[in-house]
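Remarks on the overall topology
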Amino acid sequence: MPTPFHVFLDVDGGGWHPAAWRRSRSGPDAVSSPARLREFAVTAQAQGLTGLTFEDSTLPDPRNPAGHLDAVQRAAFLAGTTDAIGLLPVAATTYSEPFHVAAQIASLDHSSAGRAGWIATTSPERVARSVDLPVETDPAAELADVVRAVRALWDSWEDDAVIRDVPTGRYVDRDRLHPVDVETGNWSVKGPLTVPRTPQGQPVVAVHERDLTDATRADLVLTGNAGARRTAGGPLVVVDVEFALDSDAAPAAERLEALDADAAAPTRDRVRWSGSGEGFARYLTDVSASADGVRLHAAVLDEDLRTLLRTTLPALRVGRLLQPPVAGATLRTTLGLHRPANQFATA
């Protein structure tokens, strides 16, 4: 049996290209509609994808001309309409309060029965200025501090802290709730959290390679380096890939040229690939030799996802590379990650 290879799909806006919404089946005001989002989620789960990711930003985004909804709320909306696929929203550490992030992601893990992840990321400098973050602040160090605080808050309830003792009227064992006191030069946070420990113990934490420091505890690293290699005992390595596939209407190169005529595509820290669906399957197979998975960003979701489902994913299944998550399994189980012990619990 080959090593499991995990395929994530980003479902933000019309696709990774800023002009994608012009080619969408939906109008600009419906690109982020609940019905459309649900359709993508149900389809992705049925096709055996590991997880969905949801981008977020406080800045205007040309991919979402009518605005976009909060990433955590979009993920929470899908918790009740899916039962196997992971849900990983972005919550930027530049402007998000650690206590609120911990509570939001913990709530998502409860509502999805253990399928939540958190993409912890920094924000552009102009966003930091808008929230009065001191200019001398190192964003990556700030992210590491927030991740440390959030993990502590997730552990502030032991697994068996909720006792629901009806005869005595006790809901929790107070001895199994733990204070959390984290203070940095910019903020402080105190616990315990207002949400009990989650099905996964700690939801999966994903961090971009550019934001990673030695102090950051990540379960999964997102990288734009196609040659990135997994290391024993280290976080899982997932390669970010922007793709455009040949369709019945036009080759990928022509489609991208038409999109670029409407809006220039930005340069991001991601691999960019275009060509046939079968060729893309061969490329992903090559990536699987060194990485644990990929996160796919379709140029135009409505067009490229259809080709991906018809050509690329069947080829991966034939090669036994794509192994669908099991309904009811936690995201940690699907990824082969252990359930972490509570850092405050006594033996």
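The structure reproduced in this document is the subject of the present report. Numbers given to residues run from 1 along each chain, matching the order in which its sequence is written. Side-chain atom pairs in this predicted model are given and counted only at pLDDT of 80 or more, local residue features only at pLDDT of at least 70, and totals for whole chains, interfaces and linings cover all residues. Note that the side-chain values use all heavy atoms of the structure and ignore hydrogens as well as water.

So, the overall build of the protein
Put simply, the rule is: Secondary structure follows DSSP: runs of H or I at least 4 residues long count as helices, runs of E at least 2 residues long count as strands, and numbering of each begins at the N terminus. Between the two quantities, the radius of gyration covers C-alpha atoms and the globule rule is 2.2 Å times the number of residues to the power 0.38. Remark: exposure states derive from per-residue accessible area (1.4 Å probe, protein chains only) relative to the maximum for the residue type, with buried under 20%, exposed over 50%, and partly exposed in between. In what follows, residue pairs with any heavy atoms lying within 4.5 Å of each other are defined as contacts. Just so you know, the count uses Lys and Arg for positive and Asp and Glu for negative, and it drops His and the chain ends. Here the site of a charge means atom NZ of a Lys, CZ of an Arg, CG of an Asp or CD of a Glu.
The helix and strand tally for the protein stands at nine helices and 13 strands. Taking 2.2 N^0.38 as the reference for a compact globule, 347 residues should give roughly 20 Å; the C-alpha atoms of the protein span a radius of gyration of 21 Å, in line with that estimate. Considered along the principal axes of its C-alpha atoms, the protein spans approximately 70 × 50 × 40 Å. Across the 347 residues that make up the protein, the buried fraction comes to 54%. Considering only contacts within the protein whose residues lie at least 6 apart along the sequence, 76% involve residues at least 24 apart. Separation between the mean location of the 34 positive side-chain charges and that of the 45 negative ones in the protein comes to 4 Å.

Describing the side chain of S288
Here S288 is to be found in the loop between α7 (277–287) and β13 (293–298). Apart from residues lying up to four places away in sequence, S288 is in contact with F5, R230 and L321.

As for the pattern of salt bridges
Definition in use: A carboxyl oxygen of Asp or Glu within 4 Å of a side-chain nitrogen of Lys or Arg is what we treat as a salt bridge.
Overall, the coordinates contain 22 salt bridges when judged by the stated rule. Among the salt bridges present, the one from D10 reaches R295, with a minimum N-O distance of 3.8 Å. Of this pair, D10 sits in strand β1 (residues 6–10) while R295 sits in strand β13, and the two are 285 residues apart along the sequence. Among the residues examined, D10 registers a relative accessible area of 4% and is labelled buried. Classification of R295 as buried rests on a relative accessible area of 1%. Note that D302 is salt-bridged to R36, the shortest N-O span being 3.1 Å. Note that D302 is positioned in helix α8 (residues 301–318) and R36 in helix α1 (residues 34–46), a separation of 266 residues in sequence. Both residues of the pair, D302 and R36, count as buried.

Observations regarding the packing of aromatic side chains
Which entries qualify depends on this criterion: Any pair of Phe, Tyr and Trp rings, taking the six-membered ring for Trp, is counted once the centres come within 6.5 Å. Such a pair is stacked with planes under 30 degrees apart, edge-to-face with planes over 60 apart, and tilted for the rest.
Throughout the structure, instances matching the rule amount to five aromatic pairs. Here F243 and F280 contribute two aromatic rings whose centre-to-centre distance is 5.1 Å and whose plane-to-plane angle is 20°, an arrangement assigned as stacked. Here the residue F243 occupies a position in strand β11 (residues 236–245), and F280 occupies one in helix α7, the gap between them amounting to 37 residues. Taken as a pair, F243 and F280 share a single burial class, namely buried. Measuring from ring centre to ring centre gives 6.3 Å for F280 and Y283, while their planes differ by 10°; the resulting arrangement is stacked. With F280 and Y283 both in helix α7, this residue pair falls three residues apart, about one helical turn. You'll find F280 and Y283 in the same group, each marked buried.

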